[in-house]
Each structure stands twice: as C-alpha cells, then as structure tokens.
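# Coordinate inspection notes
Chain by chain, the residues:
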Amino acid sequence: MPPRLLFRAPRASHSRSPVVVRVRLDRRFASSSANAPEVYDVVCVGGGPAGLSLLAGLKASPVTRGLKVALIEGQNIQKNRLSKDASLDSFSNRCSSLTPASVRNLQEIGAWSRVNAARVQPYQEMQVWDGVTDARISFDWDTARPLLSPRNPAQPTTIAYMIENTNTVTMLLSRLEELGGVDMFTSTKVSSIELGTDTEQMDFTSWPILTLSNGKTLAARLLVGADGANSPVRTFADIESRGFDYNRFGVVASLSIEGQGWGGPDHKIAYQRFLPSGPLALLPLPGNKSTLVWSTTPERAARLKALSPEDFVAMVNAGFRLSPTDLEYLHTLESGQAEEVAWREKHTPVNERAIPMRITDVESGTVAGFPLRMRHADTYTGERVALVGDAAHTIHPLAGQGLNQGQGDAAALVRTISHAVRTGQDIGSTLALESYNSERYAENNAMLGVCDKLHRLYSVESGPVVGLRSLGLRAVDAMGPLKNFFMSRAAGGS
Amino acid sequence: MRPHTSVRAIRSIQRCIRQPAQTQRPTLSQSLRLPYTATRAFTTTPTRPHNPSRSPDSTVDPTEVSHFNALASSWWDPHGSSRLLHLMNPLRHDFIASCRFNDPMTPSQKLKYLDIGCGGGIFAESAARLPDTHSVTAIDPTPGVLKIAEGHKRRDPLLMEPGRLTYLNTSIEDLPLPTRPEEAYDIVTLFEVLEHVNAPGPFISNLLPHVKPGGWLVMSTIARTWTSWLVTNVMAEDVLGIVPKGTHEWGKYVNEDELRGYFAKEPGWDGASARSLGVMYVPGLGWKEVKGGEDWGNYFFAVKRLE
C-alpha cells in the first residue's frame, strides 16, 4: 500500500514541523496575499535533464500542450549552455551514458535532433572484469544474440551513448525554446513553499504556493520536484528519503588516450574493472578522448585529486593494469607514481588488447570527486507533488543508470499527466498520480538494488565469494541468451 | 480549529451518508452496487483518525464550513469508500469517446453535459475539465452531497470559471425542459443511478427530452442476474455485512437487453446505435473491460437521439 502523504495544516507548520525548507513568508508578501498567486498547472523546480525532459515532453504532446507550466531554476542555465562550435579537444568531466531507451524518448519529444552530435559517442562493446581474479565478461550485441541464430544486420549495435550532461541540457533547452509556452524563471530561487489558504473564492489548502526570490508567487496544481538529491520539494512534501553513504567517492576526469581505441572510431569500447575499493571505468568519447569514473575511498580520492597530471595519468593506467596489492601501495605515495608505475608495469604482464589503450593526458581542471550515495524516496508522489530524477533516487554510478532513470521518470510522468488530462482528472490529485508512482518505483528500486549488490559483491577481496563471483561472470559470459537479457535490461527494455 | 472538529464532522457526515443510502437516494448508492471484489475497499475505509473520547452526541459540529470541508475530504479521499468510483471514472470518458467516435465534430464545437445523480461530483468535475467541454450541469436531489461537490469544486480554479460547472439541487422531473430541442444537452449521463430507481421506464422517459437531437444518453448500471444477486445482495449485505442491509433491491436491476428493447421502440431514438460495454473490477489491475460482461455484471450503455 503506497504511503499516504498528509500535508501539515499550514498554520501549524511553524510550531510543529521540524522541516527546513520554509523560509517564512516575508511580511511584505504575506500582507500582499490579497494579490492572488498566479495559478499554474505544472511548476517544475529544477532545470536539470529530468526536469527539462518532462517539460519538453509535456509541450511536445498535443494532449498536454495546453497546460500552463513554469520552470524554476536557481542557476543561469543560458550561461552554462554548450556552444555549437565548442572545441572537440575539450570535454566536460560530467558525462553520462544514455541508454537507447532514453535516446528513443528524446527522439519522441523532438529533442535528439538538436543534440551536438559531434560530441556524442556511441559505444558497441563493454569489457568488464574482476580486478582480483581477472574473470571477464564482454558485452556486445553480436555475441549476445540467441544461440545459432545468424547476426541480424538490422539490429542496432549500440549499447549506449556517451554524452556530456551539458549537451543533454542544451539540446533540451533548444527544444523547449522551439516549443515555447514555458514560463522560465531562471537564476531564480524558491524562497518558500507553503500550502495555500481558504479564501472566500477559492480553497487553495491543498495547493503548494511558491514564493520566488524575485517576489512572484505561484500556485501549483502539480509541483514537480526535479531539484536534485537534497530536493526542497521533497522536504516540503514530507517525503522521507532513505539510504546510506557508501563511504566512497567517484573521481571523474577528462582524459586523452593514445589512439581511437582498439576497435577504431566505429567500434568503441567501454571498460570497467572492479577493484576491491570500487569500480574503475573508462568510457569512450569522440576521437581519442575518454571520460573516467573511479569509485574509491574518500582518502584515496583526495590523494588522486592532489596528484600532478603525470602521476594522475600513471595511476589511472596502473588502475587498469596492476594488481590490487600494487595499487594499494601506490595510493599511499604522496607523489612519484609515474616512475613507480613504470617500474612495476614491467613486471606485470597484461594483454594490452583486453584493456583500454594507454592514457596520455588529463585535461587540466577536470579532476573532481563527489560522494557516492544510495537514496530512495519512500514515494514519488503526494497530493499535488511528484518527484523525478535525483529528487526521487540517487544511485551508485557503476552502471551509469542515474541520468537514464531520471529520463524514464520524466517520460512516465508525461504519460501519467497525459492520461489524466484526457480523462479530465485533476493532474495534481494523488489518484491521477498513482500510476506514475507504481510504474517507476518498482523499476527504479530494482535497479538501485542490483547496483548496490554489485558494489557489495566486488568489495570483497578474498574468500569463497571471490571465486563464486568469477564463476558467475564466466558463466554469464559463455551464455549468449542470458547476456542478451542483461544487455536488454541495461539498454532500457525492449 | 479545523483539526479538532474534523472527527466530529466526519461522524456527522457518516450519519448523513448512511441515511440517504437507506432511503435509497440515487446518488448515494454508488459504491454499493459494485461487485463483491470491488467492495473490499470498504474494509480499509475506517482508517481515518478516530477519537473515542469525543461523543458523537455532543453538540454537532460548530460551523457549517468545517462540516463541508471534512465532508469533501471524505468523499474525495482517494483511499476512501469512493475509491472504486474514482478508478472507474476514466473508463466513462473512454466509453463516451468511443460512442462519439463517428460523430462529426468541428474543433470549435464544445459539448454541453448534463450529469444526473452527480453525487460528490466525480464525473461532473472531470467532464468540466475536458478541453472540448462547453459546460456541465450536474444535478442531484440530495442537498448533503451537493455541498460536498460545491466544496470540492472550490479547490480547482478552472472549475470556478463562470458557467463551466453548475450544480443544481433538483430531481430530473423538476429540471426545466429545454424550450427548443437544440438547447438540450449533447451528452446526458446517468452513472450508477438506474438500479436505484423505482420505475426505470418513466424515469428514463423524463430525461429523454434533455438530450439534443444527435446527442447521446450514456449510463452505467448492473445487470439483474444470479451473479449480481450473489455479489451485491448475499455477499455484500448478508454474509459480509459491508453494505447496509436492504440497500440493494435486486429486483430493480435493469438488464442490457431490456434497455435495448426500450430504445428500439422509442420514437426519435436510434435503437441501432445502442452500444454497451461490460466492466469488472479486478483487484490489483483495476477496472477492466469484459466482453459479454454486460449480460451479468456492471456495464455501460449508450444510445443516440436521432438528428
């Protein structure tokens, strides 16, 4: 049974509620409450990929196009836009792997045609291996085909698309500008969210009323929280988000490698090596560029960030080549990793073709770290509230599913709103929103669980688990149909 | 103030609701005629806060307003006793859309609805929100439920637009007839009402003049079969006791073929246009269309008035 959300009575909220969002209404605004708030059908807080995708989806559909919608975003999103002629020598360190399902949705809402395609890199193969035992699994659509069936040339060969988040945001913004009809409040913060009052004319007691930093007040038939992991909308709605910190950091960086990759420009390969401290992943970008995600302990992350470019590059190369024991030692050094790694590599034979090409350089200023968390909101919906993206869930990045989950949320919420509009339901009512919650919650929960389990499984360095997980990987690798199933799931269904 | 009075308010509502149900006012019967599987929701309704220290006999609630608000929240509680009707509501629109599928309609043309026995306004509100709706007139003879409907309407500024949704406390007999047939309604709806009417024949003939030529009369009810008798009378009332005894009079149920027969003979009506759709509530899945279900359970029925 989905938990029911009860809003606090607005008057009681100061005394009883421990919740922080409410900066109390400025007296100025309170006294001007005779000026009724502007009424919107959908107010989306947060202009990240999930929120923008939702708005573009609503405006692209003839059923929901007529809704009055607003976007509130604290940052100046225009300023952060990717310029059309941005140099291919430089890539943002914030990249995501878009699944074919996400891309399909972006196509359906008319956004994908606006992407800066030169900066998108599809990849056709994944190499995943165990850093302790070297057991390996490779994914590509060719080996994943059903037994004995011939290769179907019509079948797409792309596993996923590497894309900078700024590219995703920019394409969605362009699409929204083309569609029009969204009141954009950018560089604008939400000062407070409170429930409305019962005036003689209208009963707004179930409506969230937002006061913005520019002094405007909006009443939201449906308030969408696309406002990230610390979602103020979620706090307002009193929805608990549970989870834990992994005590790991994700270190990201934009890297150059010595060539286009072992498969050439038309067959790009993503690599992930599970080390006991967390997975190390190198994902292909156009040309000889790649993006790094190295999940490791906070101490090691801090040290990696402090290294000189040469030592950092040496450490990443070592991360794909040397044993966990060697790496443990290297992580203790303040500097001088480059020489140390060069010496140790001579004594560690590796099959160069099975691991990524050698990294040659790191783009300055791109080494950064962020804490890894697992969080899941108790529910995605409340009366006149829906959560999408990181506001609803935060996932371990090892499967690259975070952004895709947000895209899936947005698409599902568009479907739910669309059905409600077609059948005359109040799109903010919990009844109308039920299908969104039931559709997305279970799916995201499963994905959160799988990624969490994988993380735990590979954190073990020795003992029977290590043998079993290697056996598991090898077994899956040998079975085409089973691999096909895993790949289809990773690709987002179908 | 409101939280203190809501418990008492709810009790008085419950009394209000119970009373008309026993006297079989059309609107209040709603949940009672759903099949047994559906009425499971009843068992979950008493989840609302209950304060035993407060006597229901103490002065009834202080203000009309708090009555009204609490009343509305009970009727419109998504997990309350009307849940199954809420869930059924989208199907009504789908059914109406399927009826009108072949009707010529210019984009500028907007529809006028008359909802008879509107209750708390579940269907009336939803019809009033549709973009191709001109107006909805919703009538019910029970003053109590109309207050609920009016109170809930105030929660949506769209519905407060002048002329969009009008509630009238009247019976169909007392609703003034249109002066000219073109001034009648495009769609007249009668959802979950017919089976609680003493004389369905005269009742239907009273509402026929309100349908515009070329318009539709759309209704939903339940067939008079041994299955419906078992479900609504024996199980719901006698065995489980979740429906007040005597709520349903199985003998009043109207079968689909009887409606068809009625309209086949009715001058001015296109008996050939009559269509029906059986529906059933499946726990976990919601309301589902069931082929042939009109012969033994809940069903929709629609018929068109000749141009």
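What comes next concerns the included structure.

What counts and how
- Counting from 1, residues in each chain are numbered in the order their sequence is written.
- Chains and ligands are labelled sequentially in the order written, the chains with letters from A and the ligands with numbers from 1.
- In view of the model being predicted, local features appear only for residues whose pLDDT reaches at least 70, and side-chain atom pairs are presented and counted only at 80 or more, with totals across whole chains, interfaces and linings using the full set of residues.
- Side-chain measures were taken over the full set of non-hydrogen atoms in the model, leaving aside hydrogen atoms and water.
- Think of it in three bands: residues with accessible area under 20% of the maximum for their type are buried, residues over 50% are exposed, and the middle band is partly exposed, with areas taken using a 1.4 Å probe on protein chains only.
- Per the convention used, a helix needs a DSSP run of H or I reaching at least four residues, while a strand needs a run of E reaching at least two, with both numbered from the N terminus.
- By definition, two strands form a pair when at least two bridges between them are found by DSSP.
- Take the buried Ala, Val, Leu, Ile, Met, Phe, Trp, Tyr and Cys residues and link them wherever side-chain atoms come within 4.5 Å; each set so joined is a nonpolar core.
- Residue contacts are defined here by distance: any two heavy atoms, one from each residue, within 4.5 Å place the two residues in contact.
- In this analysis, the expected span of each helix is defined as 1.5 Å times one less than the number of residues it contains.
- Two axes define the bend at a residue: one fitted to the seven residues ending there, one fitted to the seven starting there, and the bend is the angle between them.
- Buried area counts how much accessible surface, traced with a 1.4 Å probe, disappears from two parts once they are put together, with both parts' losses summed.
- Should a side-chain nitrogen of Lys or Arg be within 4 Å of a carboxyl oxygen of Asp or Glu, the pair is scored as a salt bridge.
- Here a polar contact is taken to be a pair of N or O atoms separated by no more than 3.5 Å, where protein atoms must pair a possible hydrogen donor with a possible acceptor and residues adjacent in sequence count only if both atoms sit in side chains.
- To obtain an axis, a line is fitted to C-alpha atoms, over the contacting stretch when the element is a helix, and the angle between two such axes runs from 0 to 180 degrees between their N-to-C directions.
- A crossover counts as right-handed when, viewed with the strands pointing away from the observer, the path leading from the first strand over the helix to the second turns clockwise.
- If an angle is under 35 degrees, it is roughly parallel; if it is over 145, roughly antiparallel; if it lies from 65 to 115, roughly perpendicular; otherwise it is oblique.
- Whether a crossing is left-handed or right-handed is set by the direction in which the near helix is turned from the far one by less than a right angle, anticlockwise for left-handed and clockwise for right-handed.
- Three classes are used: nonpolar for Ala, Val, Leu, Ile, Met, Phe, Trp, Tyr, Cys and Pro, charged for Asp, Glu, Lys and Arg, and polar for all others, with Gly counted as polar.

Residue and element names in this part refer to chain A. In terms of burial, strand S2 (residues 69-73) is a largely internal element, 5 of the 5 residues being buried. The side-chain alternation of S2 yields two buried faces, one formed by Val-69, Leu-71 and Glu-73 and the other by Ala-70 and Ile-72. For strand S1 (residues 38-45) and S2, the ladder comprises 4 bridges, and the chain directions are parallel. Note that in S2 the partner of Val-42 across the bridge is Val-69.

A few words on the nonpolar core. Residue and element names in this part refer to chain A. If you look at the biggest cluster of nonpolar residues, it comprises 68 residues, and the most contacted ones within it are Val-43, Trp-112, Leu-210, Leu-223 and Leu-413. With 8 residues, helix H11 (residues 402-422) is the largest single contributor of residues to this core. With sequence-adjacent residues up to four places away left out, Leu-223 is seen in contact with Val-43, Val-45, Ile-193, Pro-208, Leu-210, Val-233, Phe-236, Arg-384, Val-385 and Ala-386.

Residues and elements named next belong to chain B. With 17 residues, helix H4 (residues 83-99) ought to run about 24 Å at 1.5 Å a step, and its terminal C-alpha atoms sit 25 Å apart, in line with that. The sharpest bend along H4 reaches about 30° and sits at Asn-89, with the proline Pro-90 one to four residues further on. The buried count for H4 comes to 13 of 17 residues, which makes it a mostly enclosed element.

The partner chain A presents 26 residues to the 21 residues of chain B that form the contact. When the two sides are added together, the surface that chain B and chain A hide from each other amounts to roughly 1,900 Å², 50% of it contributed by carbon and sulfur. When residues of chain B are sorted by the area they lose upon contact with chain A, His-79, Arg-154 and Arg-155 of chain B head the list and together hold 33% of the total. Joining chain B to chain A, the criterion identifies 5 salt bridges. With its nearest N and O atoms 2.8 Å apart, the salt bridge here joins Arg-83 of chain B to Glu-434 of chain A. The tally of links between chain B and chain A comes to 9 residue pairs in polar contact (both at pLDDT 80 or more).

Residue and element names in this part refer to chain A. With 12 residues, helix H3 (residues 49-60) ought to run about 16 Å at 1.5 Å a step, and its terminal C-alpha atoms sit 16 Å apart, in line with that. Most of H3 is tucked away: 11 of the 12 residues are buried. Inspection of H3 places Pro-49, Ala-50, Gly-51, Leu-52, Ser-53, Leu-54, Leu-55, Ala-56, Gly-57, Leu-58 and Lys-59 among the buried residues, and these make up the whole buried set.

What follows is about the sheet that holds strand S4 (residues 121-123) of chain A. Residue and element names in this part refer to chain A. Strand order in the open sheet made by the 3 strands is S3-S7-S4, with antiparallel pairing throughout. Across the chains shown, the open sheet's two edge strands, defined by having one partner strand only, are strand S3 (95-98) and S4. Going across the sheet, the axis of each strand differs from the next one's by a mean of 25°, ignoring polarity. Two elements, S3 and strand S7 (residues 160-164), share 4 bridges in a ladder whose sense is antiparallel.

Going through the model one piece at a time under the given rule, you end up with 33 salt bridges over all chains. Close ionic contact of Asp-156 of chain B with Arg-129 of chain B constitutes a salt bridge, the shortest N to O distance being 2.8 Å. Placement of the pair is Asp-156 of chain B in the loop between helix H6 (143-153) and strand S3 (165-169) and Arg-129 of chain B in helix H5 (residues 122-129), with a sequence separation of 27 residues. A single burial state applies to Asp-156 of chain B and to Arg-129 of chain B, both of which are buried. Among the charged side chains, a network of salt bridges with common partners joins Asp-41, Arg-221, Arg-384 and Asp-426 of chain A together with Glu-125, Arg-129 and Asp-156 of chain B.

Turning next to the pairing of strand S2 (residues 133-140) of chain B. All names here are of chain B. Extensive coverage of S2 is indicated by the burial of 7 of its 8 residues. With 6 bridges joining them, strand S1 (residues 111-116) and S2 adopt parallel strand pairing. Opposite Ile-116, over in S2, you have Ile-139 as the bridge partner. Handedness of the crossover joining S1 and S2 through H5 is recorded here as right-handed. By the bridge criterion, 5 bridges tie S2 to S3 in an arrangement that is parallel. From the neighbouring strand, Thr-137 faces S3, where its bridge partner is Thr-166. Taking the sense of rotation as the criterion, the β-α-β connection linking S2, H6 and S3 turns out right-handed.

Residue and element names in this part refer to chain A. It is at 8 Å that the axes of H3 and H11 come closest, and there the two elements cross at 30°. Considering their axes alone, H3 and H11 lie roughly parallel with respect to each other. Note on packing geometry: the crossing formed by H3 with H11 is right-handed. Within the contact between the two elements, H3 uses Pro-49, Ala-50, Ser-53, Leu-54, Gly-57 and Leu-58 and H11 uses Leu-403, Gly-406, Gln-407, Ala-410, Leu-413, Val-414 and Ile-417. Its residues placed into classes, the contact of H3 with H11 shows 9 nonpolar, 4 polar and no charged.

Moving on: the environment of Ser-256 of chain A. All names here are of chain A. Summarising the element assignment, Ser-256 is placed in strand S12 (residues 241-257). Under the relative-accessibility criterion, Ser-256 is labelled buried at 12%. For the pair Ser-256 and Leu-387, spaced 131 residues apart in the sequence, the C-alpha separation amounts to 37 Å. Among residues more than four places away in sequence, those in contact with Ser-256 are Asn-288, Lys-289, Ile-359, Thr-360 and Asp-361. At 2.9 Å, the side chain of Ser-256 forms a polar contact with the side chain of Lys-289.

Right, let's talk about the side chain of Thr-291 of chain A for a bit. Residues and elements named next belong to chain A. Inspection of the secondary structure assignment puts Thr-291 in strand S15 (residues 289-296). Thr-291 gets classed as buried once you look at its relative accessible area, which sits at 2%. For Thr-291, the residues in contact, after removing those within four places along its chain, are Asn-93, Cys-95, Met-162, Ala-253, Ala-281, Leu-282, Leu-283 and Leu-285.

By themselves, these figures tell us nothing about what the structure is for.
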